[in-house]
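Results of the structural survey
Letter by letter, the chains look like this.
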Amino acid sequence: MLDELKNANEYIIDKIVETDSLILEMEAFALEYNVPIVTKEVAKYLEFLVSSHNFKNILEIGTAIGYSGTIMGKIAKKNGGKLTTIEIDETRYNQAFENFKKANLLDSVNLILGDGVEEVKKLNEKFDFIFIDASKGHYMEFFNDSFERLEENGIIFIDNIMFRGYLYKEYPKRFKTIVRRLDEFISYLYQNHDFVLLPFGDGIGLVKK
Ligand SMILES: C[S@@+](CC[C@H](N)C(=O)[O-])C[C@H]1O[C@@H](n2cnc3c(N)ncnc32)[C@H](O)[C@@H]1O
C-alpha cells in the first residue's frame, strides 16, 4: 500500500512543471542544503485550496525558508490579505525574509521569529486558513491554539501527519513517543472535529470549523 502511494506521489510530482524562477530557486536551495519543505504535490494542493477558497488571512507555523509561505502569501496578497508565519530557527528566518523580499511580499507578510507554541498564543486575530508544518511533537498544542484563532468555516491544514508511514508500519524505536502522540492526535481529531485524513504526500489532515 505504501509503495503504491509512493508511486502515485512520484507520478504526480513528475507531471508538475514549475516555471516560477523564485520557487525553482527555493526548491534547489532546499535540496542542496537539506531544508525540509513541502513536496511539490502538496505545494500544488495547498495552492489550489488557498486560491479556490480565496483565503485572505493565513497563519503558518513552520516557515523554513519561506517556500510554502511564498505560495500562500502571493494568494493572500492578491486577495487583499496577509500571511503571518512563525519560524523558530534564526538562520531560516533570515533566509525566509530574503525570499519574501524577492517575492515582493514584505508588505503583506508578518514573519515572526520564535517558538510557535508561545507565539500563536500571543496572536490576537482570527485566520481563515492555518497551515501547521513544524515540530510534530507539538501538533496537538499547535492545533488547540490555532483552532481558537480559526474563523468559522476556516480550515486547518496539517502536513506530515502520517510521519513517513511510521503510524502504520515498522519504525525506529526512537520515534516511539512522536508516533504515539500523532496516532492519539488523529483519533482525537476524528472523534471531536470535522476532520479528514488524506493519504497524500506524507499524510495531510484537514479540519474545518
Ligand atoms: C517542515 S519545515 C517547514 C517547511 C515550510 N512550511 C515549507 O514547506 O516551505 C518545519 C520548520 O518548522 C520549524 N520549527 C520547528 N519547531 C518549531 C516551533 N516550535 N515553532 C516554530 N517553528 C518551528 C523548523 O525550524 C523548520 O524550519
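Look above for the structure.
Residues numbered from 1 in each chain as written. Predicted model: local features only at pLDDT ≥ 70, side-chain atom pairs only at ≥ 80, totals over all residues. Heavy atoms only, no water.

The next subject is helix α2 (residues 21-33). When the terminal C-alpha atoms of α2 are compared, their 18 Å separation across 13 residues agrees well with the 18 Å that a helix rising 1.5 Å per residue should span. The set of residues buried in α2 consists of Leu22, Ile23, Met26, Glu27 and Ala30. All buried residues of α2 project into a common sector of 140° when viewed along the axis, lining one side. Exposed residues on α2 whose side chains face more than 90 degrees from its buried face are Ser21, Leu31 and Glu32. The elements touched by buried residues of α2 are α3 (40-52), α4 (67-78) and α5 (90-102). The backbone nitrogen of Leu22 has a side-chain oxygen 3.0 Å away, supplied by the residue at the start of α2, namely Asp20. Asn34 sits one or two positions beyond α2 and adopts a positive phi of about 60°. (Helix = DSSP H or I, 4+ residues; strand = E, 2+ residues; numbered from the N terminus. Expected span 1.5 Å × (residues − 1). Buried < 20%, exposed > 50% of the residue type's maximum accessible area, 1.4 Å probe, protein only. Arc of directions from axis to C-beta. Contact = heavy atoms within 4.5 Å. Polar contact = N/O pair within 3.5 Å; in protein donor to acceptor, adjacent residues only side chain to side chain.)

When helix α7 (residues 139-148) is considered as a whole, its buried residues turn out to be Tyr139, Phe142, Phe143, Asp145, Ser146 and Phe147. Against the buried residues of α7 lie β1 (57-61), α6 (116-122), β4 (127-132), β5 (150-158), α8 (176-192) and β7 (204-208).

Now for the side chain of Asp202. Inspection of the secondary structure assignment puts Asp202 in the loop between β6 (194-198) and β7. As a buried residue without a salt bridge, Asp202 has its nearest oppositely charged side chain in Lys136, at a separation of 5.8 Å. Only 2.6 Å separates the side chain of Asp202 from the backbone nitrogen of Arg164, close enough to count as a polar contact. Leaving out residues up to four positions away in the same chain, Asp202 has contacts with Asn160, Ile161, Met162, Phe163, Arg164 and Gly165. (Lys, Arg positive; Asp, Glu negative; His and termini not counted. Salt bridge = Lys/Arg side-chain N within 4 Å of Asp/Glu carboxyl O.)

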